[in-house]
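# A look at the structure
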Amino acid sequence: MYSSNQLALARLRKDLSDLASNPPITSSSATTVSASHDDPTTDSASLDVTMKVLQGAYKGGTFEFRMTVPKLYPFKPPTVQAMAPIYHPNVELATGRVALQVLGQGWRPVLSVGGVILCLEMMFLEPSVEA
C-alpha cells in the first residue's frame, strides 16, 4: 500500500513531467520552475517558480514564488508564497501569501501544478480582489 505522501509525490512528478513537455502557453510571461525539494520535516515538497512578466502593469518585473505541495496533494491545494514583497491585490504584503480562488475553495483534484502556474501568470494580467 502507498502512503499519501508517496501518492502526492508521484502525482507531482507527473505534473512536472506534463509541465516540461507541454508548458502553459501565454504571451504574458516567461516562467521557469526549478526542481522540487522534498521537505522531510513537513511531508511536503516545494517548487521555486520564477516569472518574468512581459505585458500589462507589471511588465518587466521578475517575481519569485515558492509553491508548497502538501502530502495530501492533489486532494488539498498547494500554497504559493511570494519570496519578496509585491504590491498586488492577490498577494498579502505582510506574508507574501498568494490569494487565488484556485488555491482555496476553487481547488479540485483534477487541477495541476501547471494550472496553478497559469493562474499566477494571469494574476498579473487581471488582478482580482475577489480571491
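Structure shown above.
So, a few notes on the structure that sits alongside this text. (Residues numbered from 1 in each chain as written. Predicted model: local features only at pLDDT ≥ 70, side-chain atom pairs only at ≥ 80, totals over all residues. Heavy atoms only, no water.)

With that out of the way, let us pick up the environment of Phe75. Structurally, the position occupied by Phe75 is in the loop between β4 (62–69) and β5 (79–82). Given a relative accessible area of 63%, Phe75 falls into the exposed group. The sequence separation of Phe75 and Trp107 amounts to 32 residues, and the corresponding C-alpha distance is 8.4 Å. Those residues within four positions of Phe75 in sequence are excluded, and the remaining contacts are Trp107 and Pro109. (Helix = DSSP H or I, 4+ residues; strand = E, 2+ residues; numbered from the N terminus. Buried < 20%, exposed > 50% of the residue type's maximum accessible area, 1.4 Å probe, protein only. Contact = heavy atoms within 4.5 Å.)

A complete count under the given rule lists five aromatic pairs for this structure. With a centroid separation of 5.2 Å and an interplanar angle of 70°, the aromatic rings of Tyr58 and Phe124 are classed as edge-to-face. In this pair, Tyr58 is assigned in the loop between β3 (44–53) and β4 and Phe124 in helix α2 (residues 113–125), connecting sequence segments 66 residues apart. An angle of 55° between the planes, with centres 6.3 Å apart, marks the rings of Phe65 and Phe124 as tilted. Within this pair, whereas Phe65 is found in strand β4, its partner Phe124 is found in helix α2, the two being separated by 59 residues in sequence. A single burial state applies to Phe65 and to Phe124, both of which are buried. (Phe/Tyr/Trp six-rings, centres within 6.5 Å; stacked < 30°, edge-to-face > 60°.)

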